[in-house]
Amino acid sequence: MVPTDWEVRPLSETYGNARVPTLHSVPTVACADPLGDPFLRTRFALPTKPATFLRRQRLVDHLDQALGTRLTLLNGAAGAGKTLLAADWAAGLRSPVAWLTVEAGDWRPGVFWAYVLQTLRACGALESDAVGAPADASTVDRGLLAALAAELNDHDRPVVLVLDEYERLKAPEIAEQLAFVLHHAGRGLRLVLVTRTEPLLPLHRYRTAGDLTEIRAAELAFTPEEAVALLELHGLSLPVHAARALVERTRGWAAGLRLSALAARESPDPELYLKEFEADRSTVADFLLAEVLKGQTQETQDLLLRVSVLERFCPDLANALTLRTDAEPILAGLHHENAFVEPLGHSWYQLHPLFGEILRAHLRVRLPGVEPELHRRAARWLRPSGFLPETLVHSAAAGDWDFAAGSLIEDLAIGQLFTGLRSDDLNQLFSHMGPEAKSPATDLVRAARDLSVYDLDRGQARLRHAEELLTDDTPNLAATQLSRALLDALAARLTGSPARVEKASEAADELRREVPAHLLDKHPEFTALLLTHLGSARLWAGRFEDARAALTTVAGTQGGASTVLPREESMGHLALLDYLNGWLGRAERKALASVSEAERSGQDQPSGCGIGRLVLAAVAVDRNELDRAQAFLDETAQLPSGTRDPVMAAGRALAQAHLLLARGRTGAAVEAADPAVAAVVASPWSVSHELLVTSAARLAEGHPDSAAEVLQGVDVDQPLCAVQAAAIQLATGHRDAAVDLLDSIRFAEGRTGPAVTVRAALVRAQAAEEAGDTATARRLVAQALLDARRERLRRPFLDAGAWIRPLLATNPLLALTAGWLTPDSARHGEARRPESSPPPLVAAELSGREQDVLERLARMMSTEEIAADLYVSVNTVKTHLKSVYRKLAVSRRGEAVRRARELRLL
């Protein structure tokens, strides 16, 4: 019997006003374990909570489910907060709680069960001596276990038995005995296992029967909000966004957070410390090295140190680094032990971030100078296994730039330097490549990086050097030549050399047959980029239909983020084609699709998105929405492609010059009309539009003869240019020549849009009016109004001159202008509205996209319909609506439309 003067420390003394029954003296069968050693009372006591302990109610609430299931499992890594969670929960229970901290010596069944019986007696769960006690340390009588189960089964309310650090029990027979007692104790026993490893119990059976409560590592992890609360208990104040970064780095690991907080309190700048602390020089390192690394075998330690250079790893990759073959069982064991080796699925693993940092630092001390070789081995294993991104990272870390560049070229992934989610990362990675790397592949990568920032001189020099290095023995010769053809097509496009682009495209078509087809399928961006360069060059050359064929193929390309840039550019080019053919509505829709392509893919805006905005600016000028046009132009002002890409430069010159002409700034318009690009071949449509602006400016300045002379260089095979030239000829007094020019235009069905036909009709109407045929003039103007109204095409009427105003002032033409070209006319019998006062100013000018949303709002389109029409998400539309409401000082859709009409924004 236990001496009466021996008091088991009551749980209430440990946790204050606890609701657990406790005894100061309990009759027992023995005062020592079967080995003769006295029972250690500290193993029955609940762990003491530190002053900075944070109760997390969500976990306590989950643990309460343990009272309804036979088995509860708290499974997590060392320092995950399992023990304190269980102790805090147990202290608040009304049911009897028996606590036992397991030790390594408990592997003997007799010793283990002696301690279990003693803790059950200590909490009052066993009130009689009928069960007895094990007499032999190495075994336990089956009858004793049956008696224990029977007595527990007789209890009115269950006993909660908590076995802390259960991972120390590795004997299968003890697990079987526990399962026996748990089964036969019925509802009289609730077993809680606090462990780092999976117990040798049939968990699947308990789970299937609904008799298992599980709290594992993911649930034990601190949330950012919980981390903030924990830091406050340490006297530290950290905003949630900073706490989120700390939680991400520590994976919400309780010990990591607590140790970091303790160290941060000693720092002069705690927030900066928590953001930038070096894990390998902190108390976190001491904890992990002592609790995890030092307890492992030499082989396991060596493996952990070597795989620390990897973001993720599988057994075969680990074997490639260790040059052994034992990685599979070692990694499985580490995962089973919750040793900070996290499974990713399909036999892949990753290290806990902090553990990885500490291991890498430890690697440099224990195996100095081995890191580059480990990275090289990793790259050599990853490349044939198809893991290109990781191959490049490890090749770069090893300083093996020839292998890195060669892998990129061999995979036909050179296009990823221009487009896709990884383009910035790849450019950053190869920015560290030094001049010592000399191979065709490294020169091609350098050329691609130069061309991506429009450094044409260096880029083309690199291409020439790469070609000089090519021999029949060059590794992956076909892929290298094909990659060079893509870069040559880009360089030719940027220098305005359509013939060279066609030659590069033809070479690429031949080389495609010599590379594995699956590589082209794997990298749709390669073909998409090549066709975009080809389409852009054809557009520059004025081969509109050939350009449309190539660009339409790209616009319909699949491939997600990898083809964002070519899809965006192709849609922008197609929009420009539609604009040059006179289709404003089509041009606007394609331009909006181009602008929104990056947003739809979830990427930041790529640098090639300017063409779409330039087309929107040009469309806005034709609709006389001049402020909106300027806003679009401003958005493209800082794009590097705006000055080096010929099509982009010509598009900007066209839109800017037309805007300046509309505002009466003729001198500035002439200056802006010059694209100022050094192109090998001049673009017929670009040159023609520049001449038309110059001619219109000279006419406006009172020099009709000079204006007519300039027109001689205009390419009249372009319908839009021809009708604008005809309008200027008519204005300079050459009526017959103007009509003859119109008669010579081939208006191909479906290819010539309202911006052409409306202008042509107005030129013929003016000629008819000057010839005294007012009826024909009215008919032609009426048709022009009908065609222009659908496109909201206003500039041709505003630029037509004084002759058209009397016609527009009388019905039926006046009615055709109402609501879009002129203010609404008064209805018959109504007094004419007084001249309205100038519209009030808008607090802040609407952006181009906000204007688009507002216009569709006025058409009674729903948010979903607006999103679909603009190729953006519903959330994006809602964001723009909020901004529109704020700028218009309204709170509802109807108010926004009314306010916009008052401001003449609609």
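Residues numbered from 1 in each chain as written. Predicted model: local features only at pLDDT ≥ 70, side-chain atom pairs only at ≥ 80, totals over all residues. Heavy atoms only, no water.

J.: Is there a simple way to think about the overall build of the chain in this case?
T.: Regarding its fold elements, the chain presents 48 helices and seven strands. In terms of its C-alpha atoms, the chain occupies a principal-axis envelope of roughly 130 × 85 × 50 Å. Counting across all 906 residues of the chain, residues that qualify as buried make up 56%. Within the chain, contacts between residues separated by at least 24 positions form 70% of all contacts whose residues are at least 6 apart in sequence. (Helix = DSSP H or I, 4+ residues; strand = E, 2+ residues; numbered from the N terminus. Buried < 20%, exposed > 50% of the residue type's maximum accessible area, 1.4 Å probe, protein only. Contact = heavy atoms within 4.5 Å.)

J.: What am I meant to see in the confidence of the model for the chain here?
T.: Detailed reading of the predicted coordinates is not advisable wherever pLDDT falls low. Averaged over every residue, the pLDDT of the chain is 88; the share at 70 or more is 92%. Low confidence marks residues 1-29, where pLDDT is under 50. Its contacts with residues over four positions away, or in another chain, come to 65 contacts. (pLDDT = per-residue confidence, 0-100.)

J.: Help me out: how do you make sense of the pattern of salt bridges in this one?
T.: Applying the stated criterion across every chain yields a total of 52 salt bridges. Where R543 meets D546, a salt bridge forms, and the shortest distance between an N and an O atom there is 3.0 Å. Two residues, R794 and E625, come together in a salt bridge whose shortest N-O distance is 3.7 Å. With R794 in the loop between α41 (774-791) and α42 (795-798) and E625 in the loop between α31 (610-622) and α32 (626-636), this pair connects stretches of sequence that are 169 residues apart. Per residue, the accessibility class of R794 equals that of E625, and both read buried. (Salt bridge = Lys/Arg side-chain N within 4 Å of Asp/Glu carboxyl O.)

J.: How should I be thinking about the nonpolar core in this particular structure?
T.: Grouped together as the largest cluster of nonpolar side chains are 82 residues, with contacts concentrated most on Y579, V615, V781, L785, F797, I804 and L888. A total of nine residues in this core trace back to one element, the largest contributor, which is α31. Among residues more than four places away in sequence, those in contact with Y579 are L584, A587, V615, A618, V619, D622, L654, H658 and L720. In terms of nonpolar packing, the next biggest core, distinct from the first, is built from 60 residues, L230, V292, L293 and L382 among them. (Core = buried A, V, L, I, M, F, W, Y, C linked by side-chain atoms within 4.5 Å.)

J.: Where do I start with the sheet that holds strand β1 (residues 71-75) in this structure?
T.: The strands making up a sheet are joined through hydrogen bonds of the backbone, oriented either antiparallel or parallel. If you walk across this open sheet you meet the five strands as β2-β3-β4-β1-β5, and the pairing is parallel. Each of the sheet's edge strands pairs with one partner strand only, and the pair in question is β2 (97-101) and β5 (212-215). Across the sheet, the mean angle from the axis of one strand to that of its neighbour is 15 degrees, orientation sign disregarded. Lying over the sheet, helix α6 (residues 172-184) contacts β1, β3 (159-164) and β4 (189-195), oriented at roughly 150 degrees with respect to β4. (Pairing = 2+ DSSP bridges. Axes fitted to C-alpha atoms, helices over the stretch in contact; angles between N-to-C directions.)

J.: Honestly, the environment of L274 in this entry has me stumped. Any pointers?
T.: Residue placement: L274 occurs in helix α12 (residues 270-276). Non-local contacts of L274, meaning those with residues more than four positions away in its chain, are made with L231, L236, L238, L246, S260, A261 and A264.

J.: How should the pairing of β1 be read in this particular structure?
T.: A regular strand places its side chains on the two faces of the sheet in alternate fashion. For β1, the buried fraction is high: five of the five residues fall into the buried class. Along β1, one buried face is formed by L71, L73 and N75 and the opposite face, lined by T72 and L74, is buried too. Bridge count for β1 against β5 is four bridges, and the pairing is parallel. Within β5, the residue paired with L74 across the bridge is I215.

J.: In this structure, what is going on with the packing of aromatic side chains? I would like to understand it.
T.: Think of a pair of aromatic rings as described by two things: how far the centres are apart, and how the planes are tilted against each other in angle. If you walk through the whole model with that rule in mind, you get 14 aromatic pairs. Aromatic pair F112 and W113: ring centres 5.2 Å apart, planes at 75 degrees, arrangement edge-to-face. Taking 6.0 Å as the distance between ring centres and 80 degrees as the angle between the ring planes, the aromatic pair formed by F797 and W820 counts as edge-to-face. Here F797, found in helix α42, pairs with W820, found in the loop between α44 (813-817) and α45 (848-858); they are 23 residues apart in sequence, far enough to count as distant. Since its relative accessible area comes to 4%, F797 is described here as buried. Aromatic rings pair up to connect W253, F287, F340 and F355 into one cluster. Above the plane of the ring of Y115 lies R43, whose end atom (NZ or CZ) is 3.8 Å from the centre. Taking NZ or CZ as reference, R380 lies 3.9 Å from the ring centre of F403, over its face. (Phe/Tyr/Trp six-rings, centres within 6.5 Å; stacked < 30°, edge-to-face > 60°. Lys NZ or Arg CZ within 6 Å of the ring centre and 35° of its normal.)

J.: How should I be thinking about the environment of L903 in this particular structure?
T.: Among the secondary structure elements, L903 is positioned in the segment after α48 (893-902). For the pair formed by L903 and S308, sequence separation is 595 residues and the distance between their alpha carbons is 63 Å.

J.: Can you help me understand unusual backbone geometry in this one?
T.: If a residue is not glycine, its phi is most likely negative; likewise, a peptide bond is most likely trans. The omega angle of the peptide bond from N811 to P812 is 5 degrees, so this bond is cis rather than trans. Its place among the elements puts P812 in the loop between α43 (805-808) and α44. Despite not being glycine, R251 has its phi angle at roughly 60 degrees, a positive value. Tracing the sequence through the fold places R251 in the loop between α10 (240-250) and α11 (254-264). On the basis of relative accessible area, R251 is assigned to the partly exposed category, the value being 34%.

J.: Hey, could you run me through helix α19 (residues 388-398) in this one?
T.: Taken together, the buried positions of α19 are occupied by L388, E390, T391, L392, H394, S395 and A396. Tucked inside the fold, the buried residues of α19 contact α18 (371-382), α20 (401-410) and α21 (423-430). G399 sits one or two residues past α19 and shows a positive phi near 75 degrees.

J.: What should I look at first to understand the packing of α20 against helix α22 (residues 440-452) in this one?
T.: Helix-helix packing: each pair is described by the crossing angle between the helix axes and the interaxial distance. Relative orientation of the contacting elements α20 and α22 amounts to 70 degrees, with a least axis distance of 8 Å. On the basis of their axis angle, the class for α20 and α22 is roughly perpendicular. Within the contact between the two elements, α20 uses W401, D402, A405, G406, L408 and I409 and α22 uses A441, T442, L444 and V445. The class makeup of the residues in the contact of α20 with α22 is seven nonpolar, two polar and one charged. (Parallel < 35°, antiparallel > 145°, perpendicular 65-115°, else oblique. Nonpolar A, V, L, I, M, F, W, Y, C, P; charged D, E, K, R; others polar.)

J.: What am I meant to see in the pairing of β2 here?
T.: Burial within β2 is extensive, with five of its five residues counted as buried. Bridge count for β2 against β3 is five bridges, and the pairing is parallel. Across the sheet, the residue bridging to V97 is V160, located in β3.

J.: Explain the side chain of D106 here, please?
T.: Relative to the helices and strands, D106 is located in the loop between β2 and α4 (109-122). Here D106 falls in the buried class, since its relative accessible area comes to 2%. Among the polar contacts listed, one links the side chain of D106 to the side chain of R43, at a separation of 2.2 Å. If sequence neighbours within four positions are ignored, D106 has contacts with R43, V111, F112, Y115, L169 and I174. (Polar contact = N/O pair within 3.5 Å; in protein donor to acceptor, adjacent residues only side chain to side chain.)

J.: When you look at the packing of helix α14 (residues 298-307) against helix α16 (residues 327-336) in this model, what are you seeing that I'm missing?
T.: Where α14 meets α16, the closest approach of the two axes is 11 Å, and the angle between their N-to-C directions is 85 degrees. Overall, the two elements α14 and α16 adopt an arrangement that is roughly perpendicular. Note on element contacts: α16 touches α14 through A327, I330, L331 and L334, opposite E299, T300, L303 and L304. Taken together, the residues of the contact of α14 with α16 break down into six nonpolar, one polar and one charged.

J.: Please clarify how the environment of L412 should be interpreted in this entry.
T.: Secondary-structure assignment places L412 in the loop between α20 and α21. Note on L412: relative accessible area 1%, which makes it buried. Between the C-alpha atoms of L412 and L511, which are 99 residues apart in sequence, the distance is 12 Å. When neighbours within four sequence positions are excluded, L412 is seen to be in contact with A479, L482, S483, V515, L519, L520, H523, E525 and F526.

J.: How should I be thinking about the side chain of T197 in this particular structure?
T.: Checked against the element boundaries, T197 lands in the loop between β4 and α7 (203-208). On the basis of relative accessible area, T197 is assigned to the buried category, the value being 10%. With near-sequence residues (within four places) excluded, T197 lies in contact with N75, E167, H336, E337 and N338.

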